[in-house]
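In case you want the letters, here they are:
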Amino acid sequence: GKNKTLLEVGCGPGSQSKVFHGQLGCDVVGIEIDPARAEKARTYCREVHVANLETEDLGKYLKEEKFDVIVCADVLEHLRNPEDLLIVLKKFLKPCGYLVTSIPNITHASIVYEMIHGRFEYQTEGLLDSTHIKLFSRTSALSLFEDAGYWIADLQKVCSLPEHTEFKTNPISSEDKQILAAIHSRNPDANTYQFIIKAYPLNNSSSHNSNGFTMREENRRLQGKITSYESELQRLNSTLNWYRKPFIVRLVKKINLLRPGRPK
């Protein structure tokens, strides 16, 4: 949104702060561990605090200030105890304030494909950035926020095909192509590169619905339905792709399946 008071945790050199301030008219305060990066971010922020998120009291820098939005973009996976930070950040949100985070998905098809082939190599950036300490799936990301006392109002996905990631996954053999297809058929988040999560503290008065169920319970129920629908969509797309193939190709495949010794 526009014209928000915004705390950007881990603002780096201010590449996002520039957009928040210049294009959205937000009043931005940044926190950054690297002094050189923090200095660059000052161009776009009202102030930038140089601090270690895990060892310093953020109240020492932020005092009693409250924000409409707190942004943690690609931050939580770099912390030993991200839940502790999420708990601390709640006190710096206004009554209707919320948290926006992006978290890389460890179950992306490119990583699973690498692991099936016995590889788990850290990179200089991306999903297996060598500075990542915590690894998250959809389920563990949701649990992180719930355990820290938040309810998730929105979960979106940034998608990238395996061949477009830093792994440049490109199976050549038919067997490897089948492996990659199997990964996609079983995992609705196979192409999810990042999860984008919008979350409110549970102590917000809007955290219960009219039936008395907590938003945490409702969110779990809805996320389960979404995962089920995504799996069904993938199955239907696979069936559709089968029928889109030329008739003769499908006929040959079926004949091969019915040969003696092959399962029917």
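As a convention, each chain's residues are numbered from 1 in the sequence order in which they are written. Given that this is a predicted model, residues contribute local features only at a pLDDT of at least 70 and side-chain atom pairs are listed and counted only at 80 or more, while totals for whole chains, interfaces and linings are drawn from all residues. With hydrogens and water set aside, each side-chain value is computed from the structure's full complement of heavy atoms.

Student: Account for the overall build of the protein chain, naming residues and giving values.
Tutor: Numbering of helices and strands runs from the N terminus; a helix is a DSSP stretch of H or I covering at least four residues, while a strand is a stretch of E covering at least two. Along its length, the protein chain carries nine helices and seven strands. Among the 264 residues that make up the protein chain, the fraction classed as buried is 39%. Contacts in the protein chain between residues at least 24 apart in sequence constitute 69% of all its contacts with a sequence separation of at least 6. Only the protein chains shown count as cover for residues, and all accessible areas are computed by the Shrake-Rupley method using a 1.4 Å probe. Of the roughly 15000 Å² of accessible surface on the protein chain, a fraction of 54% belongs to carbon and sulfur atoms. With a 1.4 Å probe rolled over the protein chains alone, any residue whose accessible area is under 20% of its type maximum counts as buried; one over 50% counts as exposed, and the rest are partly exposed. Two residues qualify as a contact provided that any one of their heavy atoms is within 4.5 Å of a heavy atom in the partner residue.

Student: Would you mind going over the packing of helix α5 (residues 109-116) against helix α7 (residues 174-186) in detail, with residue names and values included?
Tutor: Orientation is described by axes fitted as lines to C-alpha atoms, over the contacting stretch for helices, and by angles from 0 to 180 degrees between their N-to-C directions. Orientation of α5 relative to α7, taken along the N-to-C sense of each, is 130°, at an axis distance of 10 Å. Taken together, the axes of α5 and α7 lie oblique to each other. With respect to the hand of their crossing, α5 and α7 are arranged in right-handed fashion. Every residue of α7 that contacts α5 at Ala 109, Val 112, Tyr 113 and Ile 116 is listed here: Asp 176, Ile 179, Leu 180, Ile 183 and His 184. Class assignment of the residues belonging to the contact of α5 with α7 gives a composition of seven nonpolar, one polar and one charged. Angular relationships are summarised with four words: roughly parallel below 35 degrees, roughly antiparallel beyond 145, roughly perpendicular across 65 to 115, and oblique for the angles in between. By convention, the crossing between two helices is left-handed when the near helix turns anticlockwise from the far helix through less than a right angle, and right-handed when the turn is clockwise. Residue polarity is assigned by list, with Asp, Glu, Lys and Arg as charged and Ala, Val, Leu, Ile, Met, Phe, Trp, Tyr, Cys and Pro as nonpolar; anything else, Gly included, falls into the polar class.

Student: Summarise the pairing of strand β3 (residues 47-50); cite the residues concerned and give the values.
Tutor: Bridge count between strand β2 (residues 27-32) and β3: four bridges; the pairing is parallel. In the sheet register, Gly 30 faces β3, and the bridge partner there is Val 48. Crossovers are described as right-handed under a simple rule: with the strands pointing away from the observer, the path leading from the first strand over the helix to the second runs clockwise. Note on the crossover from β2 through helix α2 (residues 35-41) to β3: the handedness is right-handed. DSSP-based pairing: two strands are paired if at least 2 bridges between them are found.

Student: Break down the environment of Ile 152 for me, citing the residues and quoting the values.
Tutor: Tracing the chain through its elements places Ile 152 in strand β6 (residues 150-159). Placed 53 residues apart in sequence, Ile 152 and Leu 99 show a C-alpha to C-alpha distance of 9.4 Å.

Student: I'd like to hear about the sheet that holds β3, residue by residue, with values.
Tutor: Pairing between sheet strands relies on hydrogen bonds along the backbone, with the strands arranged either parallel or antiparallel. Spatial ordering of the open sheet is given by β3-β2-β1-β4-β5-β7-β6, a layout of seven strands whose pairing is mixed. Looking along the sheet, the strands with just one partner apiece sit at the ends: β3 and β6. Between one strand axis and the next, the sheet turns by 15° as a mean value, whatever way the strands run. Alignment of strand β1 (residues 5-9) against strand β4 (residues 67-73), held across four bridges, turns out to be parallel. Paired with Glu 8 across the two strands is Val 71, which belongs to β4. Against the sheet, helix α1 (residues 15-22) contacts β1, β2 and β4, and its axis sits at roughly 175° relative to β1. Each of β5 (93-104), β6 and β7 (192-201) is contacted by helix α6 (residues 138-147), which is oriented at about 150° to β6, the strand it contacts most.

Student: Can you explain the state of the cysteines? Please cite residues and give values.
Tutor: Note: disulfide means a covalent bond formed between the sulfur atoms of two cysteine side chains. Counting rule for disulfides: a pair of cysteine sulfur atoms within 2.5 Å. Scanning all chains against the criterion turns up zero disulfides. Of all cysteine sulfurs in the structure, the one in Cys 45 sits closest to Cys 11, which takes part in no disulfide; the separation is 5.1 Å.

Student: How would you explain the pairing of β4 if you had to name every residue and give the values?
Tutor: In terms of burial, β4 is largely enclosed, as five of its seven residues are buried. Inspection of the sheet shows β4 paired to β5 by six bridges, in the parallel sense. Note that in β5 the partner of Cys 72 across the bridge is Thr 101.

Student: Describe unusual backbone geometry, with residues and values.
Tutor: Its identity as a non-glycine residue notwithstanding, Asn 3 has a phi of 55°, on the positive side. Mapped onto the elements, Asn 3 comes out in the segment before β1. Judged by relative accessible area, which is 60%, Asn 3 ranks as exposed. Backbone geometry at Asp 74 places phi at a positive 55°, although glycine is not the residue there. Along the polypeptide, Asp 74 turns up in the loop between β4 and α4 (82-89). For Asp 74, a relative accessible area of 34% corresponds to the partly exposed category.

Student: Please provide a residue-by-residue account of a nonpolar patch on the surface, values included.
Tutor: A surface patch of nonpolar side chains, amounting to about 370 Å² of accessible area, comprises Met 115, Phe 120, Tyr 122 and Leu 135. Take Met 115: it is sitting in helix α5. Its relative accessible area of 48% is what places Met 115 among the partly exposed residues. Residues with no salt bridge and a relative accessible area higher than 30% make up the patches, which join like charges within 9 Å and nonpolar side chains (Val, Leu, Ile, Met, Phe, Trp, Tyr) within 5 Å. What counts as a salt bridge is simple: a side-chain nitrogen of Lys or Arg found within 4 Å of a carboxyl oxygen of Asp or Glu.

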